[in-house]
Amino acid sequence: MELCQWWRHIVVFLIHAWIPSCFAQTTPPVRSSPTPTPQAVEGPETLKFRLSGFPRKHNEGRIEVFYKGEWGTICDDDFSLANAHVLCRQLGFVSATGWTHSAKYGKGTGKIWLDNVQCSGSERSVSVCKSRGWGNSDCTHDEDAGVICKDERLPGYMDSNVIEVQVDENKVEEVRLRPVFTIATKRMPVTEGVVEVKNKEGWAQICDNGWTPKNSRVVCGMMGFPHEKKVNKNFYKHLRKRSSEAKSKVKVTAARLYAERQKNHFLVHSVACLGTEVHLAACPLEFNYDNATESCPGGMPAVVSCVPGPLYAQSTAMRKKLKMPSTMRLKGGAKYGEGRVEVLKGSEWGTICDDHWNLLSASVLCRELGFGSAKEALTGARMGQGLGPIHMNEVQCTGHERSLWNCRYKNITAEDCKHTEDASVRCNVPYMGYEKTVRLSGGRSQYEGRVEVRVGQRWGSVCSEGWTTKEAMVACRQLGLGFSMHAITETWYWDGSNVTEMVMSGVKCTGDEMSLSQCQHHRTVNCQKAAARFSAGVICSETASDLVLNATLVQQTTYIEDRPLHMLYCAAEEDCLSKSAAKANWPYGHRRLLRFSSQIHNIGRADFRPKAGRHSWVWHACHGHYHSMDIFTHYDLMSANGTKVAEGHKASFCLEDTDCDEGVSKRYECANFGEQGITVGCWDLYRHDIDCQWIDITDVKPGNYILQVVINPNFEVAESDFTNNAMKCNCKYDGHRIWVHNCHIGDAFSEEAEKKFEKYPGQLNNQIS
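Enquirer: Help me out: how do you make sense of the pattern of salt bridges in this one?
Expert: For side chains of opposite charge, pairing can occur when their charged atoms come near one another. Following the criterion strictly, the structure yields 37 salt bridges and no others. For glutamate 376, the salt bridge goes to arginine 426, with nearest N and O atoms at 3.0 Å. Residue glutamate 376 is found in strand S18 (residues 374-378), and its partner arginine 426 is found in strand S21 (residues 424-427); the two are separated by 50 residues along the sequence. Arginine 426 carries the same exposure label as glutamate 376, and that label is buried. For aspartate 607, the salt bridge is made with arginine 667, and the minimal N-O distance between the two is 2.9 Å. In this pair, aspartate 607 is assigned in the loop between strand S31 (598-602) and strand S32 (618-620) and arginine 667 in the loop between strand S36 (659-660) and strand S37 (682-686), connecting sequence segments 60 residues apart. For arginine 667, a relative accessible area of 58% translates into the label exposed. The network of salt bridges with common partners includes Asp151, Glu338, Glu376, Arg382, Arg426 and Arg605.

Structure below.
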């Protein structure tokens, strides 16, 4: 009888321990609400979430919930950004940037599952937020709520539109390396330390009994490092012993183990990774359910040491030793470690088709580039479309390869894939803490404001003298807010109640830096316009345009025309002729013009819009249109050594959509003072026979030259990639005819091929007309 009573107590205990875990929703990485108000749930339920409606992007839409075998919607009553945060995380995104009401993405069907939802923002699931209860609503589908999620996935989530929320109390959500020495906490990135995992009770350690290099490889990959290295366990055991002795003698030394400042709590006592996983949660784990502080007999907390990639090496010597690969690159991403995947085959850069593209293959690429494992393997040209050939298709890696070229893949033909299927990736990168040393103030949203930095122990603003798109790009990247849409030099129209004094001036960046502190700047502040209204500011955006010139069309359409002066009055008025034209005997004589067509594509992820608003566009009566940008392109003829011998001046006659890819609608048209711009997936065509579509070569002597066209040369408008804005061709001019050959975008070939490109054989393609 006593034995039965004992078993009954055990069963009751297990049921009480099991039931709460069954109802906990886990969606990484968030903390449980401190005072949740869960609604009654009848039993363990797997919820699904999806985004629907039209028109929308992949990270926005009407929020729909699958509950009790049926899809339904959520009413917008009492809806808030906090609700959107919870729902976006359940959809696998890191957070929300906004929400919509009144069925902006169209009316849903079926049940309205939730109404009057009120979340604090930290809940694991919308099911534990306050609401009227499942299926209890007084709304119609005219009130369906929508969410706009930040375009960044949580670790380990595949790019699926339907996210299943599995019930698993012990899912490992966050992992960190805690430095062993106190002094190491101040050095970034942290490359070595105690492995700690986070669960609902806080941070805990992993027992190192049976710990393998494969486990370390997974942890290092998550931390943004390509490789792991062996840890001297005897060293750590010795330090641990010394630390214990020091504590018993009430002495604190520099060698004291940072990890011993708190009592070890072993959440996990066994890890068995294969080494190819992108997250520790994907490895087989055994959790502790008993007295966790005593569950690592004879062992100690697992310690991992990682090897950083070239960009994050802590010494110059190590950076030189660790070289970036020359046959792989990422393009079009806002941050380091993300972008469209491009590979070099032969001497030409090309893309990868997204068929079978997954986290295993993406992780091989990320590690090859000096980053960690992949956070996301993106498909459908999510980082913009590439140019040129598509070199690889159906890439399938095991995860152990040292290079993507070692994986199985297919060579493809033009019929197999299009650039709308270009693969891209987001890699895990080391945490550097740069975002803590810059902030925005005064703006109307988190994406805009005056730029403020940490100098010494005080925050201050930045002088706007010399502040350009390049500096603004670095600031937005440092803040993790994407690209800079505008570099602001006068910030008087933003809230000035908390304006700080200027602490930085003379900032000059190349545009590739990780933080403003890496850019050149004055040692002491020197700003002629030091008033608060002249502080530097930015408006950031998660997406940007990307303009490229159709190089083949330039090569096919180039010719020489001798044009009478009496037909060039308008062109002269718009400064489209060389300086010697002013001394000509008008209207007699002619100018010799090198003419060609320009077809400028927007292959980015945002429309290309002129920086200036309509109110500041300039009317040109001679040609009968508004110019929205003073200089849209530079046309130059250069000698082999780079000296400019002739130039063309090309204002934006009118930015508009001449034509678009299939399925893309035109949005911009210049007629009747219409909006100007180039839509994503469209192009603006300037035909060879319109005014100013030329270079005046009247004074050029016969010889070999380089024809160069540069779009958006002054970086007036933000783009995701400025390296593809220049196009070059070889030219041979004999005084009567011109040969143009090997026209290509500036970054289309390898460095070696670029150095040799003048030696390519030419072809005769035009004569003087």
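Enquirer: Would you take a moment to explain the state of the cysteines for this structure?
Expert: In protein chemistry, a disulfide is the covalent bond that joins the sulfur atoms of two cysteines. What the rule picks out here adds up to 15 disulfides. Shown here is the disulfide that connects cysteine 397 with cysteine 407, its sulfur atoms set 2.0 Å apart. Its S-S torsion of approximately 105° makes the covalent link between cysteine 397 and cysteine 407 right-handed. Of the two residues, cysteine 397 sits in the loop between strand S19 (390-396) and strand S20 (408-410) while cysteine 407 sits in the loop between S19 and S20, which places them 10 residues apart along the sequence. Note on accessibility: cysteine 397 and cysteine 407 belong to one class, buried. Residue pairing for cysteine 463: its cysteine sulfur links by disulfide to cysteine 527, the two sulfurs lying 2.1 Å apart. Across the S-S bond of cysteine 463 and cysteine 527 the torsion is about 70°, and the bridge reads as right-handed.

Enquirer: Help me understand the packing of aromatic side chains in this model?
Expert: Aromatic ring pairs are described here by two measures, namely the spacing of the ring centres and the angle between the planes. Per the counting criterion, the structure on display carries 14 aromatic pairs. Centre to centre, the rings of tyrosine 67 and tryptophan 134 are 4.0 Å apart; their planes meet at 10°, and the pair counts as stacked. With a gap of 67 residues between them, tyrosine 67 in strand S2 (residues 60-67) and tryptophan 134 in the loop between strand S5 (111-114) and strand S6 (146-149) connect regions that are remote in the sequence. Tryptophan 134 matches tyrosine 67 in its accessibility class, with the two residues each being buried. A centroid spacing of 6.4 Å and a plane angle of 50° characterise the contact between phenylalanine 632 and tyrosine 686, whose relative ring orientation is tilted. Of this pair, phenylalanine 632 sits in the loop between strand S33 (625-627) and strand S34 (633-638) while tyrosine 686 sits in strand S37; the two residues are 54 residues apart in sequence, bridging distant segments of the chain. Neither residue differs from the other here; phenylalanine 632 and tyrosine 686 are each classed as buried. Here a set of aromatic residues connected by ring pairs shows up, and it is made of Tyr67, Trp113 and Trp134. Stacked on the ring of tryptophan 349, the Lys or Arg arginine 329 has its end atom at 4.0 Å from the ring centre. Its end group placed over the ring of phenylalanine 534, lysine 529 keeps NZ or CZ at 5.2 Å from the ring centre.

Enquirer: I tried to follow the environment of asparagine 232 on my own but got confused; where do I start?
Expert: Structurally, the position occupied by asparagine 232 is in the loop between strand S11 (227-229) and helix H4 (233-248). Residue class for asparagine 232 comes out partly exposed when judged on its relative accessible area of 47%. Through-space distance from the C-alpha of asparagine 232 to that of valine 304 is 9.9 Å; in sequence the pair is 72 residues apart.

Enquirer: Can you walk me through the sheet that holds S36 in this structure?
Expert: Strand order across the open sheet formed by four strands is S28-S31-S37-S36, with antiparallel pairing between neighbours. Edge positions in the sheet fall to strand S28 (547-549) and S36, since each of these pairs with one other strand and no more. Two strands pair when backbone bridges link them, and S31 and S37 are joined in this way by four bridges, in the antiparallel orientation. Counterpart to serine 598 in the pairing with S37 is tyrosine 686.

Enquirer: Just to check I follow, could you spell out the environment of cysteine 397 for this structure?
Expert: Residue classification places cysteine 397 among the buried residues on the basis of a relative accessible area of 8%. Spatially, the C-alpha atom of cysteine 397 lies 9.1 Å from that of serine 363, the residues being 34 residues apart in sequence. For cysteine 397, the contacting residues outside a window of four places in its chain are Leu360, Ser361, Val364, Leu404 and Cys407.

Enquirer: What's the story with helix H3 (residues 213-222) in this structure? I'm lost.
Expert: Note: α-helices contain 3.6 residues per turn, so residues at a spacing of three or four share the same orientation. The buried fraction of H3 amounts to eight of the 10 residues, a majority that puts the element mostly inside the structure. Residues of H3 that are buried: Asn215, Ser216, Arg217, Val218, Val219, Cys220, Gly221 and Met222. Where H3 is buried, its residues contact strand S8 (174-178), strand S9 (192-199), S11, strand S12 (266-271), strand S14 (303-307) and helix H6 (359-368). Note on H3: the residue one or two positions beyond its end, glycine 224, has a positive phi of about 95°.

The rules we used
Residues numbered from 1 in each chain as written. Predicted model: local features only at pLDDT ≥ 70, side-chain atom pairs only at ≥ 80, totals over all residues. Heavy atoms only, no water. Salt bridge = Lys/Arg side-chain N within 4 Å of Asp/Glu carboxyl O. Helix = DSSP H or I, 4+ residues; strand = E, 2+ residues; numbered from the N terminus. Buried < 20%, exposed > 50% of the residue type's maximum accessible area, 1.4 Å probe, protein only. Disulfide = S-S within 2.5 Å. Phe/Tyr/Trp six-rings, centres within 6.5 Å; stacked < 30°, edge-to-face > 60°. Lys NZ or Arg CZ within 6 Å of the ring centre and 35° of its normal. Pairing = 2+ DSSP bridges. Contact = heavy atoms within 4.5 Å.

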